[in-house]
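A structural walkthrough
In case you want the letters, here they are:
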Amino acid sequence: MMPMTRQQIEVLLDRLDQHDYVVSAYVDMTVKNGFARDVDLHLKNQARAAAEALGPTQARKELDANLEVIRQIVADHAGSPVHGLAIFSSLPRGLRHVVPLDFEVENHLVLDEEPFLLPLLERWYGEATHLIVLLDSDEAHLFLAHGGEPEWVRDLERKDVQEDYQRDKPRFTYKKRFARAQHERLHASVDDQFLHEVREFVAEAWGHDHYAGLILLGQPPITASLRRLLPRELGQAVVGEAPHAMTARPQDLSDDVIRIVEKVRTEREQLLLTELRERWRRDHLVASGPSEVLDALLQGRATQVIFGTHRDMQGARCSECGYRFGLPVEVCPYCLAACKKVNAVQEILRLAVRHRVPVHLVRRGAATDPLAPAGVAAFLRAEANWTPPAVTAGARS
Ligand SMILES: [Zn+2]
């Protein structure tokens, strides 16, 4: 199955500042009937929270109605190859949104005024999606890899192959591969018509979605020729190139793809942390801690967000003006309305998706947090005094 798309997340971001409750359910689909078993336990915890927020009668009614929707969706997906489901349901809002997940989640139920998106956002930013091209002189296969696991996307085959070599034979046989290897495979040139087709094929797929980079696999002379042919933007997007035998099976690519993706990730992290330390040292265009980072995002000043190993930071949201704070404020300094506790990490990631600001997450497992004690930081294009005084005043109180 395909990894989740930006659209699947964005549709949930546009439902801010409504006061009807949303039930967010994360369902582990790898265990048969697991959700049905666990749901009662989670329900007890959530029912208490719901009763506090809505009053016992109303809460019970809303929860039950939404849970019925969720149970039905889980039942409809039984036996499908998804690893998990994220389901968002709010009957008063007319919200019923399902995101099939290609990664495992724990059963989890949250009732809040906003969809609980942290697991989706963390996944979205935590593991970049790469587009992979495996090619030889006759065929090209496109895969994508979210993290390290490649999945097949599409195939392209040289038009004359079927007639010349493959009549009546299944594809991807050894015979074909060796038959053409000697005289053509090693002599691909930029004049080769097939390579031009591959270029178009790749460019089209690239424009289709948001990829962190392009990986070229195949015989070096051929991948090098393709690289020379690629449009500039795509050429710059190539993050790795490696020799690889032709195959149509995504799992054959795993080791190489994981190696390249990990290398890219580590190099990128080193670069970002070096730059962060330098900005910290000079106290130059950098926001530190959830409050400053949220302000920078809300004011459009952030160009890159970096999280350390922690994903739990207390924040608050004003129930009237909707301003978000990176600390547990109880009364909004702008409009004096009561604030509600929120997870500041979710707020930061949500704003980053909306404003298309890149985010790097240091993995949770790391022994030490390179961002301690700030926890989160952002590179800025302008200092805070760039913003109107009314917004700046009190933002850090
Ligand atoms: Zn307010």
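Residues numbered from 1 in each chain as written. Predicted model: local features only at pLDDT ≥ 70, side-chain atom pairs only at ≥ 80, totals over all residues. Heavy atoms only, no water.

Moving on to the confidence of the model for the protein chain. When pLDDT drops low, the exact placement of atoms in the prediction is not to be read closely. With 82% of its residues at a pLDDT of at least 70, the protein chain reaches an overall mean of 82. Low confidence marks residues 164-186, where pLDDT is under 50. Its contacts with residues over four positions away, or in another chain, come to 35 contacts. In the predicted structure, residues 388-397 sits below a pLDDT of 50 and forms 17 contacts with residues beyond four places in sequence or in another chain. (pLDDT = per-residue confidence, 0-100. Contact = heavy atoms within 4.5 Å.)

Let us look at helix H7 (residues 193-208). For H7, spanning 16 residues, the distance from its first C-alpha to its last is 23 Å, which sits close to the expected 22 Å at 1.5 Å a residue. Regarding H7, the residues found buried are Phe194, Leu195, Val198, Phe201, Val202, Ala205 and Trp206. For H7, the angular spread of buried residues about the axis comes to 130°, placing them on one side. Exposed residues on H7 whose side chains face more than 90 degrees from its buried face are Gln193 and Gly207. Next to the buried residues of H7 lie strand E5 (129-135), strand E6 (139-146), strand E7 (149-157), strand E8 (213-218), helix H8 (220-229) and helix H9 (232-237). Two or three places before Phe194, at the start of H7, stands the capping residue Asp192, its side-chain oxygen 2.7 Å from that residue's backbone nitrogen. (Helix = DSSP H or I, 4+ residues; strand = E, 2+ residues; numbered from the N terminus. Expected span 1.5 Å × (residues − 1). Buried < 20%, exposed > 50% of the residue type's maximum accessible area, 1.4 Å probe, protein only. Arc of directions from axis to C-beta. Polar contact = N/O pair within 3.5 Å; in protein donor to acceptor, adjacent residues only side chain to side chain.)

The next point concerns the pairing of strand E1 (residues 22-28). The element E1 is largely enclosed, with a buried count of seven among its seven residues. What you see with E1 is no split at all: Val22, Ser24, Tyr26 and Asp28 on one side and Val23, Ala25 and Val27 on the other are buried throughout. In this structure, E1 lies alongside strand E4 (residues 108-112), joined through five bridges in antiparallel fashion. Along E4, the bridge assignment pairs Ser24 with Val110. Sheet topology note: the E1/strand E2 (residues 84-90) ladder contains six bridges and is antiparallel. (Pairing = 2+ DSSP bridges.)

Residues Phe88, Leu120, Val305, Phe307 and Leu349 are the most contacted members of the largest nonpolar core, which totals 44 residues. In this structure, this core is formed jointly by two domains, domain 1 (6-116) and domain 3 (285-393), each of which donates at least three residues. By size, the runner-up hydrophobic cluster in this structure holds 25 residues, among which are Leu135, Leu142, Val153 and Leu216. (Core = buried A, V, L, I, M, F, W, Y, C linked by side-chain atoms within 4.5 Å. Domains from an automatic or database assignment.)

Before going further, it helps to examine the environment of Leu216. On the secondary structure map, Leu216 appears in strand E8. Taking C-alpha positions, Leu216 is 7.3 Å from Val238, a pair spaced 22 residues apart along the chain. When residues no more than four places from it in sequence are discounted, the contact partners of Leu216 are Val133, Thr223, Leu226, Arg227, Val238, Gly240, Glu241 and Ala242.

The calculated volume of the largest pocket comes to roughly 740 Å³. In terms of lining residues, the largest pocket is bounded by 32 residues, among which Tyr125, Ala128, Thr129, His210 and Ala212 are the most central. Mapped onto the lining of the largest pocket, the elements with two or more residues apiece are helix H4 (118-126), E5, E6, helix H10 (254-282) and strand E15 (359-361). Among the elements that make up the lining of the largest pocket, the one with the highest residue count is H10 (four residues). Taken together, the residues that form the lining of the largest pocket break down as 16 nonpolar, nine polar and seven charged. (1 Å grid on protein atoms, 1.4 Å probe; cavity = no way out; pocket = protein on both sides within 12 Å on 5 of 7 lines; lining within 4 Å. Points joined across faces, edges and corners; volume = space filled by probe spheres on them. Nonpolar A, V, L, I, M, F, W, Y, C, P; charged D, E, K, R; others polar.)

Glancing now at the environment of Ala338. Mapped onto the fold, Ala338 is located in the loop between strand E13 (324-325) and strand E14 (339-343). Residues Ala338 and Ala316 lie 22 residues apart in sequence; the distance between their C-alpha atoms is 9.6 Å. For Ala338, the residues in contact, after removing those within four places along its chain, are Arg317, Cys318, Ser319 and Glu330.

What the rule picks out here adds up to 23 salt bridges. With its nearest N and O atoms 3.4 Å apart, the salt bridge here joins Glu204 to Arg154. Placement of the pair is Glu204 in helix H7 and Arg154 in strand E7, with a sequence separation of 50 residues. Among the residues examined, Arg154 registers a relative accessible area of 28% and is labelled partly exposed. Taken together, the shared-partner salt bridges connect Glu113, Glu114, Arg317, Arg324, Glu347 and Arg350 into one network. (Salt bridge = Lys/Arg side-chain N within 4 Å of Asp/Glu carboxyl O.)

We now examine the coordination of the zinc ion. For the zinc ion, every protein donor is listed as Cys318 (SG), Cys321 (SG), Cys332 (SG) and Cys335 (SG), and the spread of their distances is 2.2 to 2.3 Å. With four donor atoms in place around the zinc ion and angles of 94 to 125° between them, the coordination shape is tetrahedral. One chain supplies every donor for the zinc ion, spaced along it as C-x2-C-x10-C-x2-C. With a gap of 14 residues between them, Cys321 in the loop between strand E12 (314-318) and E13 and Cys335 in the loop between E13 and E14 connect regions that are remote in the sequence. Of the residues examined, Cys321 reaches a relative accessible area of 42% and is grouped as partly exposed. (Donors = N, O, S within 2.8 Å, 3.2 Å for Na, K, Ca; no water. Tetrahedral: all angles 85-135°; square planar, octahedral: opposite > 155°, others 65-115°.)

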